[in-house]
Structures are given as structure tokens and as C-alpha cells.
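Chains, contacts and geometry: an overview
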2 protein chains.
Amino acid sequence: VTVQAKRQRRADARRSIAAIVDAARSALASDPKVSMSEMARLAGVGRVTLYTHFPSREALIDAVVEQVMGETAEALDALALDADPADQALGRLVRASWRHLDESRRIRVAAVAELGPQRLLEHHRAPDAWPERLISRGRAERVFRTDLPMDWMVATFYGLMHAAADEVDAGRLDADRAPELLEATLRAALAGR
Amino acid sequence: VTVQAKRQRRADARRSIAAIVDAARSALASDPKVSMSEMARLAGVGRVTLYTHFPSREALIDAVVEQVMGETAEALDALALDADPADQALGRLVRASWRHLDESRRIRVAAVAELGPQRLLEHHRAPDAWPERLISRGRAERVFRTDLPMDWMVATFYGLMHAAADEVDAGRLDADRAPELLEATLRAALAGR
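The structure presented is a predicted model; accordingly, all values stated were derived computationally and were not measured.

Quick notes on the rules
Residues numbered from 1 in each chain as written. Chains lettered and ligands numbered in written order. Predicted model: local features only at pLDDT ≥ 70, side-chain atom pairs only at ≥ 80, totals over all residues. Heavy atoms only, no water. Helix = DSSP H or I, 4+ residues; strand = E, 2+ residues; numbered from the N terminus. Polar contact = N/O pair within 3.5 Å; in protein donor to acceptor, adjacent residues only side chain to side chain. Contact = heavy atoms within 4.5 Å. Least-squares fit on C-alpha atoms with pLDDT ≥ 70 in both. Core = buried A, V, L, I, M, F, W, Y, C linked by side-chain atoms within 4.5 Å. Buried < 20%, exposed > 50% of the residue type's maximum accessible area, 1.4 Å probe, protein only. Patch = residues over 30% accessible without salt bridge, like charges linked within 9 Å, V, L, I, M, F, W, Y side chains within 5 Å. Areas by Shrake-Rupley, 256 points an atom, 1.4 Å probe, with all protein chains shown as cover. Salt bridge = Lys/Arg side-chain N within 4 Å of Asp/Glu carboxyl O. Lys, Arg positive; Asp, Glu negative; His and termini not counted. Charge placed at Lys NZ, Arg CZ, Asp CG, Glu CD. Buried area = accessible area lost by both parts, 1.4 Å probe. pLDDT = per-residue confidence, 0-100. Expected span 1.5 Å × (residues − 1).

With that settled, the discussion passes to the side chain of His123(A). All names here are of chain A. Checked against the element boundaries, His123 lands in helix α6 (residues 105–123). At 3.0 Å, the side chain of His123 forms a polar contact with the side chain of Asp62. With residues near it in sequence (within four places) discarded, His123 still touches Asp62, Val65, Glu66, Met69 and Leu115.

Here it is, written out as C-alpha cells:
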């Protein structure tokens, strides 16, 4: 096999992998229970190719979650949250976080079932750094309260984000309205009185 | 069979049922996966007696949840929350709700698995009336904010209660500390600024 042919083969493999992950991501977003065969069909590859790259449904879902979380972390990094006082940056963090949470609400169902909470936690590490960092800075700047433990204020952030996602799932809240309610609630909860 | 004998049999059955539900409740609180045989053993009854009264694990867990929720609703009713302004009554509601949530954290795991979310929601109806009622009154009294929808403020209450339960489960928060943090956070979130 020539160097040229090897290179070609690696490029083909990368394209297949990218097509599979993209197809799996959009399939999971509309049906968290979608099968491997269906994801192969949507990606336009055979089952043999699918299983060569992803030996299990778990491995494929892991790759989808890695892609989603990578994009979320990049989007949050791009917000330059450190440029604003923490209480002003909060609104931008909430809106960006919500957009990603809302997009991946159904992928999350598949991820919880297939990867388990521990692996999911590891995937969250990069985007999760932002709420922690912002809350910590807001405390130092005295725009956020300091009478509550840091860990609990971070838990408050996620607790309310997930409550909003559950409300949208239950049909009691419009997804487009959520960021505004989250911002108003978190601003008061984190600032205290 | 005499009237006397029938009465005796009914009293025996009631005692068996009460013993089974009590034993199942404490067994589930330490191990949500405990088996029917083990619950029969702990209740001091045979498997035949157990299955006569509770034809399935689901039926038994349903009875346990009904007891827990009945007690929670009674305890909340007894608080006379309507006697205080809503923002003062909030602290008492949080402390009482937390005590019951914390006690039944592991029973909840069994209930979610065995009964499903719909049935669980029905069981919650009586105790759930209290946060709604208190938040609604606080809005009317202008001690709670009115710039957010009622439904979302109720979701905020439950979202934070469950976030605290998750933090305790994860070993990041001491269960005894939770009510104080919850009260401080909810007071700010519901009052607004």
C-alpha cells in the first residue's frame, strides 16, 4: 500500500466517522431510543463500517456527547464572560447555556441511559467550569452573595437550569421564554438581598 | 362463621397490612431494591400473606408511598402556614418539606422505578398544594415577586429542593444544613429584588 493510498484511507475513515456522529446526533435529538441500524442508514454507511468505528451504541453516543460538549465549551469560551462584571455576564451565560441544554435535551436522555452519570459528569467538565468561575468571581466582586457556600450556589445554577428543562418537557413552559425566567430567578438567588 | 370471628379476621388483616407497610417502608429507605421475600421476612409474615394483601411489588410500594405522602400532607396541614405572612411561613414550609423529602429520598428511587412518574405525581397532589398556595398568597401580599409566572415559581421551589437532595446524595452537602441554604436561596429567588 502506498503512502498516498494510506492517506486516502484515513481521510475516508474521518469522513465516515464525521458523517456517523452527525447523523447519530440529529437522530438521537428526535428519538433517544433510535437503533444502531437506523443511525447507519441515516449516515449512509453500512453496518460493518458503523461497527468498525463504533463497536457499541454506547461508544457512538459517547462520541456524540463529546461533540456536543466540545461545542458547548467552545461557545462559552467565546463569550468572553470575564470582560463584564459577573452579574451582567450571568445573563449571557444563562442564554448560551440554555441554548445548548435545550438542543441536547433528548440526547441527554440517551446519554443518561447508555453512559451513566459518572461518564456524563466527565463530559461536562469543560463547560461546567464557566458557571463556577462566574459565581466565584461575582462573590469576589461582591455582586453575588457570600453567605452561602460556593458549591450550593453552583448547584442552584444547575438545579434551576434542569427545572426549566423539565418544565419544557412537561409542556408547561415555552423553551424560548426559559432564558428570561432563568436569568431573573438566578440573578435574585445568587445576589441575595 | 360468627360476626365475632369475622371481625377478628378483619382486625388481623389490618394488623398484617400495617406491619407489612411499616416494614416495607423502613426496608426501602435503606435499600430501594429490597425484594418481596425480604420485606415479608422483616414484616414477620409469610409470602402467602404478603401476596394476599399486595399482589405485586408495585402494589406494596404504592401503599408505602401513599402512607409517606399522607403523613407529609398531614404534617404540612398542621403547620398552619396561613397564620403567618407568606415570606415568614416559607421557612417553616421548607424545613418541614425537607424533613419528609430527606426521609423518603431512597423510597423515591424505588417509587420512580416501580410506579412511574404519572402515578408519583398523583401521590404528590395533597402535599404539593402547599407550596402553590403559599407562593400564590405571597404574590397577593406583595412579599413575593409577580414579574414571573406562578408555574415557574412553583418549579423553582421544587427544582431547588431536588437540587439539595441530589447534593446530599452526592456527598457534597450535609442533610442538616440543607434547610437553611434552601430557605435563604428560595427567599431571594421568590422575593426578587
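The operation relating chain A to chain B is a screw motion whose rotation component is 180°, with 0.1 Å of axial translation and a residual RMSD of 0.1 Å. In the structure described here, the two chain copies are related by an operation that fits a two-fold rotation axis. Considering only C-alpha atoms, the residue of chain A closest to the rotation axis is Ala189(A), which sits at 2.3 Å. Both copies share a contact surface, since 100% of the interface residues of chain A are interface residues in chain B too.

With that settled, the discussion passes to the nonpolar core. Within the largest apolar cluster, 66 residues are counted, with the highest numbers of intra-cluster contacts made by Trp98(A), Trp152(A), Leu182(A), Trp98(B), Trp152(B) and Leu182(B). Sorting the residues of this core by element identifies α5 (86–103), α7 (125–140), α8 (150–169) and α9 (178–191) of chain A together with α5 (86–103), α7 (125–140), α8 (150–169) and α9 (178–191) of chain B as the ones contributing at least two each. In terms of residue count, α8(B) provides more of this core than any other element does, 11 residues in total. With near-sequence residues (within four places) excluded, Trp152(A) lies in contact with Leu160(B), Ala163(B), Ala164(B), Glu167(B), Leu173(B), Leu181(B), Leu182(B) and Thr185(B).

Quick look at a positive patch on the surface now. A contiguous patch of positive charge, built from Lys6(A), Arg7(A), Arg9(A), Arg10(A) and Arg14(A), is present on the exposed surface. Along the polypeptide, Arg10(A) turns up in helix α1 (residues 3–30).

Under the counting rule described, the total for this entry stands at 34 salt bridges over all chains. A salt bridge links Arg137(B) to Asp82(B), with the nearest nitrogen and oxygen atoms 3.4 Å apart. In this pair, Arg137(B) sits in helix α7 while Asp82(B) sits in the loop between α4 (57–77) and α5, placing the two residues 55 residues apart along the sequence. A relative accessible area of 17% means that Arg137(B) is categorised as buried. For Asp82(B), a relative accessible area of 38% gives the class partly exposed. Salt bridges sharing common partners tie together Asp82(A), Arg133(A), Arg137(A) and Glu141(A).

Another point: the environment of Ile135(A). All names here are of chain A. Tracing the chain through its elements places Ile135 in helix α7. The class of Ile135 is buried, set by a relative accessible area of 2%. Placed 107 residues apart in sequence, Ile135 and Leu28 show a C-alpha to C-alpha distance of 32 Å.

Looking now at the interface of chain A and chain B. Accessible area lost upon the coming together of the parts is a frequently used measure of interface size. With 25 residues of chain A at the interface, the matching set in chain B holds 25 residues. Here chain A packs against chain B, burying approximately 2,100 Å² in sum over the two surfaces, 69% of which is carbon and sulfur. Where chain A touches chain B, the interface holds zero salt bridges. Broken down by secondary-structure element, the contributors of at least two residues to the side of chain A that touches chain B are α8 and α9 of chain A.

The predicted structure's coordinates, where accompanied by low pLDDT, should not be read in detail. All names here are of chain A. Scored by pLDDT, chain A has a mean of 92; 99% of the residues are at 70 or more. Across chain A, α9 holds the top mean pLDDT of 97, while α6 sits lowest at 86. In the predicted complex, the global pTM is 0.82; the interface-specific ipTM is 0.81.

Turning our eyes to something else, we now look at α4(B). Residue and element names in this part refer to chain B. When the terminal C-alpha atoms of α4 are compared, their 30 Å separation across 21 residues agrees well with the 30 Å that a helix rising 1.5 Å per residue should span. Among the residues making up α4, those that are buried are Leu60, Ile61, Asp62, Val64, Val65, Val68, Met69, Thr72, Ala73 and Leu76. Residues of α4 that are buried sit in contact with α1 (3–30), α2 (36–43), α3 (47–53), α5, α6 (105–123) and α7.

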